[in-house]
Every structure is written in structure tokens, then in C-alpha cells.
2 protein chains.
Amino acid sequence: MTALDSALHATGRTATGEADPDRRAEIYRNAARIFHRKGYHATSINDIAAAVGLTKAGLYYYIKGKQDLLFAIMSFAMDQLDAQVIEPARREQEPQARLEAIVSRHARLITQDSSALTILVNELEGLLPDDRADIIGRQRDYVEFIADTLAALRDEGKVLGLDPTIGAFSLVGMILWISRWYRADGRLDADEVVAEVTRMAVAAVLNRNAEQAEDPDE
Amino acid sequence: MTALDSALHATGRTATGEADPDRRAEIYRNAARIFHRKGYHATSINDIAAAVGLTKAGLYYYIKGKQDLLFAIMSFAMDQLDAQVIEPARREQEPQARLEAIVSRHARLITQDSSALTILVNELEGLLPDDRADIIGRQRDYVEFIADTLAALRDEGKVLGLDPTIGAFSLVGMILWISRWYRADGRLDADEVVAEVTRMAVAAVLNRNAEQAEDPDE
DNA sequence: GCCAACCTACCGGGCGGTCGGTAGACTGGG
DNA sequence: CCCAGTCTACCGACCGCCCGGTAGGTTGGC
């Protein structure tokens, strides 16, 4: 997660703004890991401070507060999603290729490091209202991007009788859930998981047999 | 959620055991709602007490502690899953019918009342180790039940080149995610959501075209 | 000598949980 | 018909603890 350094500059509003960015990146990385493991509310500032070898007061040299720390991590995760998933997928012209890009890239990201991305969806209620509105808005945009892609597939005749909203949410659920069961040191390797999930996602929305095509309603 | 009453008798180990079961059911119902909305750690005993018109001390007449309350709710949710999803599905002999029963029944349950079922997956770290082991074990059994169903489909030749474990987890993710976006008062109605999700789930795992059947590896 | 990078010591407050008490309904003996 | 005794269902006050956050240093490299 070396990209965290640059991300911190981008979300500078949450940090003191003068401290060593490498050290701050290390702190944010550890915070994300602990928030992910124990949950935001169950994690104390002391837990994070201890993990980076500081006292609580020492940690406050680098952060403005617990909620700002959470928002910075979630903003970073959202930036990551934008840069690694949404932007590359947007460059795909074919709707089906675009869908495959979304799913495989998002799944890949989660197998690489799920901390920040998982916090992004699980700890929304820990944010201040304004920050929460910001994050939720960006998440909504993402789901709409997927729904639009499904709608484009429908216009091509490749999808019949599927509500794009339900489809988009279902795919997102499938992808996000990966962080709950995938372990880098487990039986399954990341390439296999990404490929399999992508195949399932595409199969879930594409109609390939007459049976579904003939009976779009019900 | 009237079935809560009987569930409470079943999980009597967590309550004082003498108090009015109706009142206790009301308390558990409210607790589940608030845990669901704010999260376990962000919810104080006072929040729950106030919601049922008691003081904190008064509430302790009915419950043994915060963690026991959580475990009771999760046990109830797991009982619900057993009775409404797993048992009925087990009675389906055909693997495909069984899969459809699992998905549609589980999805239906979530559209009806997601509180307890959502707590079941999101608040595991709030439990004592022994209780957590209990719940995780039951959840693992459920995923294995789905994986076995997928394996049976594979043995029938209806599924090719799909890892049953990945498939089972992905379907579970799709289903559980419903509680995050479905609103009973929203644009989509429950029947539509259940039907659509079930169709997607089946499509995701069944191979219906030659393309997939010819190339199981990769 | 200065400033970045920390620390010790502390604050107010809310937490989960407990304790002693009590209003009021109910019960049974005279 | 009464009243002592008992039990259910609660409450006010309190406990120790830990939380997020801060004030005011101290230290070591430039």
C-alpha cells in the first residue's frame, strides 16, 4: 500500500499538514489494519498509538482526531477505487468488457489489501454527517456506474429482464464479501478467486439461453 | 418477529430466566433494531433501556449483560436461518431446486426483517470467544451446505469449472448485501428483489452455453 | 538556540455493571 | 376483612475503568 503516501497529500485537510509523510503513512496503514480487524468503535486511540510505537499524546502530533483518521482512511480507499477500478473501466468501450474490468479490478484490489476498502463499507456510521454524505455520494456514483453498464448491456440485447439497480447491488455484494472469506495464505490463490468471481458476475447478468430471453417478466 | 418469544425460551441460558417473556421479547427486538442501526459497540446499554422505557438498572433485571444480549440475538438469527432456510431447502431433493430454495428463502427473510440476520454477520467480534466459536461454526455449516449443493450440481454436469467454495461464498455475499440497500418503503418491492436475486444466483453458477462447458480451466 | 518529535500527567465524561431500596400487586392465616 | 409477608418489576445513586483529547513540558539533532 505504498500509494498511501500520495493519497495522504491529497487528503491533507485531515492531518496536521507539516509532519513527515512517511511516518504518517505508516500510522494510517496501521490504523486501517486495526480498524479492519476490530472495528472502528472497538479500536482505541491507544491501540493505534501502541501499534506504531507511540503514546496517545505522541500520536496526536500526526492526527487531528479519531473521526478524521477514519475519514482519511475511507477517502483513501475511495481514491483507490477511483484510480484502480472506475477510471480504467471507464476507458473500456464495450459494456461487457467494462463490466469485466470493474469486477476483476475491484476483486483484485480486495485480494491485495482489503483493510481500507472494507472499512469503507462497514464503518460509515462512525463518520461525522458531512463526511458521511461525501463518502456515501461517491459510493452511490460507483453503483450507478455499474448500473449504467448493465443498462448498456441491456440496450445491446445481452441482458433481458434484469433490473440494473438490483444487478449492480448484487454484484457489489458479491465482490465486497470477498474480504470476509479470502485469506492470502489460504487454499485459494488470488488469481483463481478473481477469475472465478468475474466469471460468476458476468454469468449472473448475461442471458445466454432462450429460456430467459423468452420470458423476461414474472 | 413474533417467533422471538419461543426463541428466547430456547436460548434461556442468557437471560435471568424468570422474567415475563413478552417483555423480554420486546427488549430483544429493540436491541436488535438499535444494534443494527448504530452497531454493537456504538450502542450503549442506556440506548436500549431508553428505547424500551426503562433505566439502565431496570434493564438489567431482564438481561445478564451486553455481550449476552448480543449472543442471544445472534443465536435467534441463526435459529431463524436454520428453520426458514436450511431445513426447508434440505427437503428439496433436486440440487437446483435446493439452490433456488436457499437463495430465495434467505433473500426473503432479509427483506422481511434484516436486523438480527445482519447483526449475525457484522458483529461477530463483539462476542466472547466461546460464543463466537459457536456462531462461526454454525455459519460455516451453512456455507458448506451451499458448497455441497453446488458440488452436487457439478456432479450432475450442470456446473463446470466452478470452485464450490468460491461459489458458495459469492452467493452468500450477494444475499447478505441485500440488507444494505433494500428498503421496504423504496421503489423495489420484496417479491421483485427476491425473484431477481434468485435468478442471478442460479445464472451465476449454472453453465448453460457451450463456451463455458468447453473451457473449464483457465 | 531552535524546532520537530515526542512524552508525562491530567481532564471531563460516558461506559458497563452493581447495590440497596421500594411501590404495588398478590397471598394466606386469623 | 385485615394485615403481615412476599415477590415482581423497577429506580436513583454509585463504582471503577477507560475513553478521546489536551496542556505543558523535555529531548536531541541541526
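Residues numbered from 1 in each chain as written. Chains lettered and ligands numbered in written order. Predicted model: local features only at pLDDT ≥ 70, side-chain atom pairs only at ≥ 80, totals over all residues. Heavy atoms only, no water.

**As for the confidence of the model for chain A**
All names here are of chain A.
Part 1 of the argument: Confidence in the prediction for chain A averages 89 pLDDT; 86% of positions are at 70 or higher.
Part 2 of the argument: When mean pLDDT is compared element by element in chain A, helix α9 (residues 164–176) scores highest at 98, while helix α12 (residues 210–214) scores lowest at 42.
Part 3 of the argument: With pLDDT under 50 throughout, residues 1–17 is counted as low confidence; its partners more than four residues away or in other chains account for 37 contacts.
Part 4 of the argument: Here residues 210–218 is modelled with pLDDT under 50, and outside its nearest four sequence neighbours on either side it reaches eleven contacts, counting other chains as well. (pLDDT = per-residue confidence, 0-100. Helix = DSSP H or I, 4+ residues; strand = E, 2+ residues; numbered from the N terminus. Contact = heavy atoms within 4.5 Å.)

**Quick notes on the protein's contact with DNA strand C**
Part 1 of the argument: Around DNA strand C, 16 residues are found, and the nearest of them are A:Leu54, A:Tyr61, A:Tyr62, B:Lys56 and B:Tyr60.
Part 2 of the argument: Of what DNA strand C places within 4 Å of the protein, 59% of the atoms are sugar or phosphate.
Part 3 of the argument: A distance of 2.8 Å separates a phosphate oxygen of DNA strand C from a polar side-chain atom of A:Thr55.
Part 4 of the argument: Backbone polar atom of B:Ile45 to a phosphate oxygen of DNA strand C: 2.9 Å apart, as the coordinates give it.
Part 5 of the argument: Taken together, the elements giving at least two residues each to the surface near DNA strand C come down to α4 (56–59) of chain A together with α4 (56–59) of chain B. (Near = heavy atom within 4 Å. Polar contact = N/O pair within 3.5 Å; in protein donor to acceptor, adjacent residues only side chain to side chain.)

**Structural notes on helix α2 (residues 21–38) of chain A**
Residue and element names in this part refer to chain A.
Part 1 of the argument: Counted at 1.5 Å a residue, the expected span for α2 with its 18 residues is 26 Å, and the 25 Å between its end C-alpha atoms agrees.
Part 2 of the argument: Within α2, the full set of buried residues consists of Arg-24, Ala-25, Ile-27, Tyr-28, Asn-30, Ala-31, Ala-32, Ile-34 and Phe-35.
Part 3 of the argument: Just downstream of α2 lies Gly-39, where phi reads positive at about 95°. (Expected span 1.5 Å × (residues − 1). Buried < 20%, exposed > 50% of the residue type's maximum accessible area, 1.4 Å probe, protein only.)

**Quick notes on the pattern of salt bridges**
Residue and element names in this part refer to chain A.
Part 1 of the argument: Under the defined criterion, the tally for this structure stands at 19 salt bridges over all chains.
Part 2 of the argument: Arg-23 is the partner of Glu-26 in a salt bridge, and the nearest nitrogen-oxygen pair spans 3.3 Å. On the criterion of helical spacing, the pair formed by Glu-26 and Arg-23 is a turn pair, its members being three residues apart in helix α2.
Part 3 of the argument: Between Arg-108 and Asp-191 there is a salt bridge whose closest N-O contact spans 2.9 Å. Linking Arg-108 in helix α6 (residues 95–112) with Asp-191 in helix α11 (residues 190–205), this pair joins segments that are 83 residues apart in sequence.
Part 4 of the argument: One connected set of salt bridges, linked through shared partners, spans Asp-79, Asp-82 and Arg-138. (Salt bridge = Lys/Arg side-chain N within 4 Å of Asp/Glu carboxyl O.)

**Observations concerning the nonpolar core**
Across soluble globular proteins, nonpolar side chains have a tendency to be buried as a group.
Part 1 of the argument: Counting residues in each nonpolar core, the largest one holds 147 residues, and the members touching the most others are A:Ile73, A:Trp181 and B:Ile73.
Part 2 of the argument: With residues up to four places along the chain from it excluded, the contact list for A:Ile73 reads A:Tyr28, A:Ala31, A:Ala32, A:Phe35, A:Ala116 and A:Ile119. (Core = buried A, V, L, I, M, F, W, Y, C linked by side-chain atoms within 4.5 Å.)

**Considerations on helix α10 (residues 190–205) of chain B**
Residue and element names in this part refer to chain B.
Part 1 of the argument: When the terminal C-alpha atoms of α10 are compared, their 23 Å separation across 16 residues agrees well with the 22 Å that a helix rising 1.5 Å per residue should span.
Part 2 of the argument: In terms of burial, α10 is largely enclosed, as twelve of its 16 residues are buried.
Part 3 of the argument: When we look at burial in α10, the residues that qualify are Ala-190, Val-193, Val-194, Glu-196, Val-197, Thr-198, Met-200, Ala-201, Val-202, Ala-203, Ala-204 and Val-205.
Part 4 of the argument: The opening residue of α10, the one whose side-chain oxygen lies 3.0 Å from the backbone nitrogen of Asp-191, is Asp-189.

**Regarding the interface of chain A and chain B**
Note: interface size is frequently given as the accessible area lost on complex formation between the parts.
Part 1 of the argument: Each partner contributes residues to the interface: chain A has 39 residues there, and chain B has 39 residues.
Part 2 of the argument: Both faces considered, chain A and chain B share a buried interface measuring about 3,500 Å² in area, 58% of it formed by carbon and sulfur atoms.
Part 3 of the argument: Its largest share of buried area at the contact with chain B, chain A owes to A:Ile166, A:Trp177 and A:Met200, together 18% of the area lost on that side.
Part 4 of the argument: Summed over the shared surface of chain A and chain B, the number is two salt bridges.
Part 5 of the argument: For B:Asp163, the salt bridge goes to A:Arg187, with nearest N and O atoms at 3.4 Å.
Part 6 of the argument: Put simply, chain A and chain B have twelve residue pairs in polar contact (both at pLDDT 80 or more) between them.
Part 7 of the argument: Elements with a minimum of two residues in the side of chain A that touches chain B: α7 (115–122), α9, α10 (178–181), α11 and α12 of chain A.
Part 8 of the argument: Sorting elements by how many residues they give to the side of chain A that touches chain B places α9(A) first, with ten residues. (Buried area = accessible area lost by both parts, 1.4 Å probe.)

**Looking at the protein's contact with DNA strand D**
Part 1 of the argument: The environment of DNA strand D is made up of 18 residues, and the closest members are A:Lys56, A:Tyr60, B:Thr55, B:Ala57 and B:Tyr62.
Part 2 of the argument: Near the protein, meaning within 4 Å, the atoms of DNA strand D are sugar or phosphate in a fraction of 58%, with bases accounting for the rest.
Part 3 of the argument: Within the backbone of A:Thr43, one N or O atom sits 3.4 Å away from a phosphate oxygen of DNA strand D.
Part 4 of the argument: Separating a phosphate oxygen of DNA strand D from a backbone N or O atom of A:Lys66 is a distance of 2.9 Å.
Part 5 of the argument: Taken together, the elements giving at least two residues each to the surface near DNA strand D come down to α4 of chain A together with α4 of chain B.
Part 6 of the argument: A breakdown of the residues in the surface near DNA strand D according to their chemical character gives eight nonpolar, six polar and four charged. (Nonpolar A, V, L, I, M, F, W, Y, C, P; charged D, E, K, R; others polar.)

**Re the packing of helix α5 (residues 66–90) of chain A against helix α8 (residues 129–155) of chain A**
Residues and elements named next belong to chain A.
Part 1 of the argument: Orientation of α5 relative to α8, taken along the N-to-C sense of each, is 20°, at an axis distance of 11 Å. In terms of axis orientation, α5 runs roughly parallel to α8. With respect to the hand of their crossing, α5 and α8 are arranged in left-handed fashion. Contacts between α5 and α8 involve Phe-71, Met-74, Ser-75, Met-78, Asp-79, Leu-81, Asp-82, Val-85, Ile-86, Ala-89 and Arg-90 from the former and Asp-131, Asp-134, Ile-135, Arg-138, Gln-139, Tyr-142 and Phe-145 from the latter.
Part 2 of the argument: Split into classes, the residues belonging to the contact of α5 with α8 amount to ten nonpolar, two polar and six charged. (Axes fitted to C-alpha atoms, helices over the stretch in contact; angles between N-to-C directions. Parallel < 35°, antiparallel > 145°, perpendicular 65-115°, else oblique. Left-handed = near helix turned anticlockwise from the far one by under 90°.)

**Re the relation of the copies chain A and chain B**
The operation linking the two copies of the chain is a rotation about an axis combined with a translation along the axis.
Part 1 of the argument: If you rotate chain A by 180° and push it 0.0 Å along the axis, it lands on chain B with an RMSD of 0.1 Å. Look at the turn and shift together and you get a two-fold axis relating the two. Of every C-alpha in chain A, the one belonging to A:Ala204 sits nearest the axis of rotation, 2.0 Å from it. (Least-squares fit on C-alpha atoms with pLDDT ≥ 70 in both.)

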